[in-house]
Amino acid sequence: MTLYRNVDELDFRFADLPRIEHPDRVLMADPRDFECAYAINPHMVDERGELKRVDRELAVRQWRALHDAFAASGLTVDVVAPLAKHPDLVFCANPSLPLPRELFADGRPRLVPSRMAHAERRGEVDHVVAALRALGYVVEPLRGESERLEGMGDGIWQLGRALLFAGVGPRSDLAAWRELAERYPVRIVALELVDRALYHLDTAFASLSDDACLWWPGAFDARGRALIERLVPRPIEADADESRRFLACNAFSANGRHVFIERRCERTIAKLVAAGFDVVPLDTSEFLKSGGSVFCMKLAHGPL
Ligand code: ARG
């Protein structure tokens, strides 16, 4: 449909966007092989440049607690089998982008496999895509030349509306989003990411309800900030320090009421509570070492 890069181009109102259903399901990936085995983002190394050490047992407990919190909230949780030598598989939001069934006349949801920016993660894609195909997705790869697209690391659906926010920068190219905008009946808002520590859109922006988002403006250029401010009725600013250190914006809400978020983000949590959200704090310390937290540890999707 249309790719937007500038406020002047906006030709729709938020409230007029077609509705899509809230996610009722999440895909997670077995954390068996999780570790920091290479550094592809600044979180993965310490001050001396050495790879961070993950406490695998603790990581598995944290993963299990997240799994159980999702299940307890009523979400159906599917789990992808582990894949040897793929320590980042646990961030299973990244290898693909789901498009909800409401967009298609045949009522079948589509899945676009990612083109991972780093060779270390490319092997995850077929593995995750196979699991989602088995759930009923129609798989539709990119056709164009664009080199990089990291699914639901950089593609974030507005909760309840057919609008996709799309990160451009370290992991995804504008050309990939342009191809998707041309191919699908969906409006895509491209947002340039300017802070290396916030390398996926999901580290700087989360859609929390029909009208609210959590974001850290410092991760965007002036154009991106203006787009978010114009489009989202109730933007909630995350704490700057918590955004960069604890990935405060890597938060998730499936129903517009409960927000899952890393528990160290105390100032951000206080703001969310003041804004009326029910916060579910979770410990993701081991996954923060790899540059991920609550949002990217699962792929959320609507009814299939
Ligand atoms: N180590 C992984 C990477 O750099 C972490 C990915 C976390 N995902 C996210 N969307 N923030 O790719």
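Scroll up for the structure.
Computed from a predicted model, the values in this text were never measured in an experiment.

J.: Which residues make up the sheet that holds strand 3 (residues 76-80), and what values do they have?
T.: If you trace the 3 strands from one edge of the open sheet to the other, you get 3-2-15, paired in mixed fashion. The outermost strands of the open sheet, each flanked by one partner alone, are strand 3 and strand 15 (299-301). Each neighbouring strand pair of the sheet contributes to a mean axis angle of 20°, computed without reference to strand direction. Relative to strand 15, strand 2 (residues 25-29) runs antiparallel, the two sharing 3 bridges. Along strand 15, the bridge assignment pairs Arg 25 with His 301. Of the strands in this sheet, strand 2 and strand 3 touch helix 1 (residues 56-72), which is tilted by about 170° from strand 2.

J.: Quick rundown of the site of the ligand? Include the residues and the values.
T.: Near the ligand you find 17 residues, and of these Asn 41, Arg 121, Arg 171, His 200 and Asp 202 are the closest. Within the side chain of Tyr 199, an N or O atom sits 3.4 Å from a nitrogen atom of the ligand. One of the side-chain nitrogen or oxygen atoms of Asp 202 is found 2.6 Å away from a nitrogen atom of the ligand. Bound to the protein, the ligand loses 100% of the 340 Å² it would expose on its own. The pocket occupied by the ligand, as judged from atoms lying within 2 Å of grid points, is the second largest cavity. Of the residues belonging to the shell around the ligand, the class tally is 5 nonpolar, 8 polar and 4 charged.

J.: Outline unusual backbone geometry, listing residues and values.
T.: Of note in this structure, Lys 85 is not a glycine but carries a positive phi near 70°. Tracing the chain through its elements places Lys 85 in the loop between strand 3 and strand 4 (96-99). Lys 85 sits in the exposed class, given a relative accessible area of 74%. The backbone phi angle of Leu 247 is positive, close to 50°, even though this residue is not glycine.

Each value, and the rule that gives it
Residues numbered from 1 in each chain as written. Predicted model: local features only at pLDDT ≥ 70, side-chain atom pairs only at ≥ 80, totals over all residues. Heavy atoms only, no water. Pairing = 2+ DSSP bridges. Helix = DSSP H or I, 4+ residues; strand = E, 2+ residues; numbered from the N terminus. Axes fitted to C-alpha atoms, helices over the stretch in contact; angles between N-to-C directions. Contact = heavy atoms within 4.5 Å. Near = heavy atom within 4 Å. Polar contact = N/O pair within 3.5 Å; in protein donor to acceptor, adjacent residues only side chain to side chain. Areas by Shrake-Rupley, 256 points an atom, 1.4 Å probe, with all protein chains shown as cover. 1 Å grid on protein atoms, 1.4 Å probe; cavity = no way out; pocket = protein on both sides within 12 Å on 5 of 7 lines; lining within 4 Å. Sits in = over half its atoms within 2 Å of the grid points. Nonpolar A, V, L, I, M, F, W, Y, C, P; charged D, E, K, R; others polar. Buried < 20%, exposed > 50% of the residue type's maximum accessible area, 1.4 Å probe, protein only.

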